[in-house]
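Chains, contacts and geometry: an overview
The primary structure of each chain is shown beneath.
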Amino acid sequence: MSRRPELPVDELVARIADGDVRSASRLIRMIDDGHRAAWHALEQLFPLSGSALVVGITGPPGAGKSTLTDRLVQLVRQQGRTVGVLAVDPSSPISGGAILGDRIRMNRFTLDEGVFVRSLASRGHFGGITPATRGAIRVMDAMGRDVVLVETVGVGQDEVDIARLAHTTIVVAVPGLGDEVQAMKAGILEVGDLFVVNKADRPDADKTVVQLENIFRQIVDGGWRPPVLKAQALHDVGIDEIWHAIEQHRDYREQASLAYRAKQRVNCLLELRAFLQQELQVELARRLDTEPEFEASVEAIVSGDTDIYAVSTRMLHQLGLTP
Amino acid sequence: MSRIRVLVGVLGMDQHELGAVGIAKMLRDQGMEVIYTGCFNTPESIVATAIEEDVDIIGISSHSWEYLYYTPELLDLLAENDLDIPIVLGGSVITDEDAATMRDRGVAAVFGSGSVVTDMVDTVRSLVAGEPAS
């Protein structure tokens, strides 16, 4: 916002390298608000990053993602390591505003300097995370956080962007949603590295575990077969086992099998395309807004003199996007 | 695109959360991002959260006397941390006299019962823009 003086980007980078939360927080804001200057900072932070373990936590609304995140924070802190948390909540599609309340579940760590929690609003982005998430992960990584946990918005079936950013993606499911596996079809089942059936004190927990295990049974040797674990995050049950599975997955990644490298390449391609697409969209929207015909043609469309197709054909030509 | 980020919470042992929830929804509907911290905050937890979330303004909801004690502490702590973030105080129990005391102490704006939504929203926007409370 205009009220506060901005630090030069180089100064921000130097402070972030020293682990300064305030500067990191400010840079994340710049990334979130789409300041191009933030890219320069992120480029400079690139050599400092790469050592954090990035874990994504996704799943349907109400599955217990925030509570599980809180328990993982606790475990990482008990190991004596530092942690960054990115908690994504949805923006209102109507007003664009958002209520970000995930950090309430982690409020016991508010005064712990080893825990840095940042809430992000989805800002109209579909996919479970936000365009700023990648940059925010790098900031937390470069400032020296050992582990970065990313909690997505409550997702349905194909909001799987987190899998492109996280080393390990945990999908949190709960028993008793009817046909649980049906409720988490294609997308989300394909990207999970680890499945947690939370609230496992409920009836049908074992049934959900078996349903999930049956799906992964077909994975051939050499590939990663996602473990399916029961947990009761609220009661601190099963958390050590989840961490153990995250470590096993890390060992698997470090062996860098052909299958894993191929997956990484696909992720990278998808991510680069998505990133450029988003920036192109912003740039084109800006050019559209300065095109006089854009506003003018609205009246003509409303009054029925022309239609959207005719106007779009002409404008795409004017913007040099069609011959 | 930039959006106003507001921290909304209740201080101390005050358990009256409904006002804070109402304000959070009101600000969300005006396109702002509200970092909602619920009840049982301390001045220390508010300041730590304000830093981590890079908020532009802090809204404190109060329905008990405790704000008289904690708000000055919060103002001091913000100053100690060199944070120039306006504080807006709201709540049914704030008398005119106490409101004046709070403003003198450095609170940017105070809203008692009967406050109008547009006034509160305009004030938040003005303060974030660096203008005096409208």
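Residues numbered from 1 in each chain as written. Chains lettered and ligands numbered in written order. Predicted model: local features only at pLDDT ≥ 70, side-chain atom pairs only at ≥ 80, totals over all residues. Heavy atoms only, no water.

1. Quick notes on the sheet that holds strand β1 (residues 53–58) of chain A
Residue and element names in this part refer to chain A. Spatial strand order, β4-β2-β5-β1-β6-β7-β8: seven strands in an open sheet with parallel pairing. Single-partner strands in this sheet number two, and they are β4 (115–121) and β8 (228–230). Ignoring which end each strand starts from, the neighbouring axes of this sheet average 20° apart. Where strand β6 (residues 168–173) and strand β7 (residues 194–197) come together, four bridges link them in parallel fashion. Paired with Val172 across the bridge in β7 is Val196. (Pairing = 2+ DSSP bridges. Helix = DSSP H or I, 4+ residues; strand = E, 2+ residues; numbered from the N terminus. Axes fitted to C-alpha atoms, helices over the stretch in contact; angles between N-to-C directions.)

2. Brief notes about the environment of Glu213 of chain A
Residue and element names in this part refer to chain A. Counting through the fold element by element, Glu213 comes out in helix α8 (residues 205–216). With a relative accessible area of 32%, Glu213 lands in the partly exposed category. Placed 12 residues apart in sequence, Glu213 and Arg225 show a C-alpha to C-alpha distance of 9.2 Å. (Buried < 20%, exposed > 50% of the residue type's maximum accessible area, 1.4 Å probe, protein only.)

3. Description of helix α1 (residues 9–17) of chain A
Residue and element names in this part refer to chain A. Considered for burial, the residues of α1 that qualify are Val9, Leu12, Val13 and Ile16. Around the axis of α1, the buried residues are gathered within 100° of arc, so they sit on the same side. Elements in contact with the buried residues of α1: α2 (21–32), α3 (37–45) and α5 (133–142). Phi turns positive one or two residues past the end of α1, at Gly19, with a value near 85°. (Arc of directions from axis to C-beta. Contact = heavy atoms within 4.5 Å.)

4. What to know about the interface of chain A and chain B
Taken together, the contacts link 31 residues of chain A with 38 residues of chain B. The interface formed by chain A and chain B holds seven salt bridges in total. With its nearest N and O atoms 3.7 Å apart, the salt bridge here joins Glu53 of chain B to Arg118 of chain A. Taken together, the connections running from chain A to chain B amount to 23 residue pairs in polar contact (both at pLDDT 80 or more). Mapped by element, the contributors of at least two residues to the side of chain A that touches chain B are α2, β3 (98–100) and β4 of chain A. Considered class by class, the residues forming the side of chain A that touches chain B number 11 nonpolar, 10 polar and 10 charged. Both β3 of chain A and strand β2 (residues 33–41) of chain B contribute to a ladder of three bridges, which runs parallel. Across the sheet, the residue bridging to Ala98 of chain A is Glu33 of chain B, located in β2 of chain B. (Salt bridge = Lys/Arg side-chain N within 4 Å of Asp/Glu carboxyl O. Polar contact = N/O pair within 3.5 Å; in protein donor to acceptor, adjacent residues only side chain to side chain. Nonpolar A, V, L, I, M, F, W, Y, C, P; charged D, E, K, R; others polar.)

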